[in-house]
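Fold and geometry: a report
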Amino acid sequence: MTEPLAQPARSSAQPTWRPIALVGLIAALVLVVDQISKTLVVATLGPSAGGRTLELIPGVLWLLYVENTGAAFGLFQGRNPVLAAVALVIVLLLAIWFRALAAATPWGALALGLQIGGALGNVVDRLRHGFVIDFIDVPFWPTFNLADSAITIGVAILLVVLVRSDAQRASQAEQQDGRR
């Protein structure tokens, strides 16, 4: 399950740039929406706006401004340059490791685009502000943002695609063994 999928055979009618363009488009869309949402949060809930909190669903969902200098779940606080560098390396590794998956299925392209766009959204924050802006707050979970959500959804889709791919390969192997 951890080895990259083999590049599918391509017909001359299927350009090789389409999966890359789809990943890039999804990543760019995630990055833009993430940065717009954070700009709105800073303007309406940030320090200059009085640092107020909006309760969207009573007892369940709040919007508030949080400066996160760490990683997920508040780990590694204050290690912003290291975290930015690690995120960029992970983006590069994702793009290299799963490029064949992105070419093999639109779901793979979606998964990769969500993860890359989300990671870049948080890297942009680290480079611009020195911290990541988080603003979505629910009970029993650390405050997060749209980039974090895109990464999480992208990982979930990637896992489903990889599990289905492994199941298909196992089924094909069983069929070939049965023919012998």
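Quick caveat: nothing in here was measured; it's all calculated off a predicted structure.

Calculation criteria
Starting from 1, residues in each chain are numbered consecutively following that chain's sequence as written. Side-chain atom pairs in this predicted model are given and counted only at pLDDT of 80 or more, local residue features only at pLDDT of at least 70, and totals for whole chains, interfaces and linings cover all residues. Side-chain metrics rest on all non-hydrogen atoms present in the structure, leaving aside hydrogens and water. pLDDT gives the predictor's per-residue confidence on a scale running from 0 to 100. Where helices and strands are cited, they refer to DSSP runs of H or I of at least four residues and of E of at least two residues respectively, numbered from the N terminus. In what follows, a contact means two residues having at least one pair of non-hydrogen atoms within 4.5 Å. Put simply, a patch holds well-exposed residues, over 30% relative accessible area, that have no salt bridge, with like charges counted together within 9 Å and Val, Leu, Ile, Met, Phe, Trp or Tyr side chains within 5 Å. Only the protein chains shown count as cover for residues, and all accessible areas are computed by the Shrake-Rupley method using a 1.4 Å probe. Criterion for a salt bridge: a side-chain nitrogen of Lys or Arg within 4 Å of a carboxyl oxygen of Asp or Glu. Inter-axis angles, ranging from 0 to 180 degrees, are taken between N-to-C directions of lines fitted to C-alpha atoms, where helices are fitted over the stretch in contact. Here the angle decides the label: under 35 degrees means roughly parallel, over 145 means roughly antiparallel, 65 to 115 means roughly perpendicular, and every other value means oblique. Crossing handedness follows the turn of the near helix against the far one: under a right angle anticlockwise gives a left-handed crossing, and clockwise gives a right-handed one. In this classification, the charged set is Asp, Glu, Lys and Arg, the nonpolar set is Ala, Val, Leu, Ile, Met, Phe, Trp, Tyr, Cys and Pro, and all remaining amino acids, among them Gly, are polar.

A few points about the confidence of the model for the chain
This prediction gives the chain a mean pLDDT of 82; 79% of its residues lie at or above 70. Here helix α3 (residues 99-104) stands out as the least confident element of the chain, with mean pLDDT 74; strand β3 (residues 132-137) is the most confident, with 96. Low confidence marks residues 1-13, where pLDDT is under 50. Its contacts with residues over four positions away, or in another chain, come to 21 contacts.

Considering a nonpolar patch on the surface
A contiguous nonpolar surface patch, about 310 Å² in accessible area, is contributed by L54, L56, I57 and V60. Mapped onto the elements, V60 comes out in the loop between β1 (54-57) and β2 (61-68).

As for the packing of helix α1 (residues 17-45) against helix α4 (residues 106-129)
Remark: α1 packs on α4, axes separated minimally by 7 Å, with the N-to-C direction vectors making an angle of 40°. Taken together, the axes of α1 and α4 are oblique relative to one another. For the pair α1 and α4, the sense of crossing is right-handed. Split by residue class, the contact of α1 with α4 holds 15 nonpolar, six polar and four charged.

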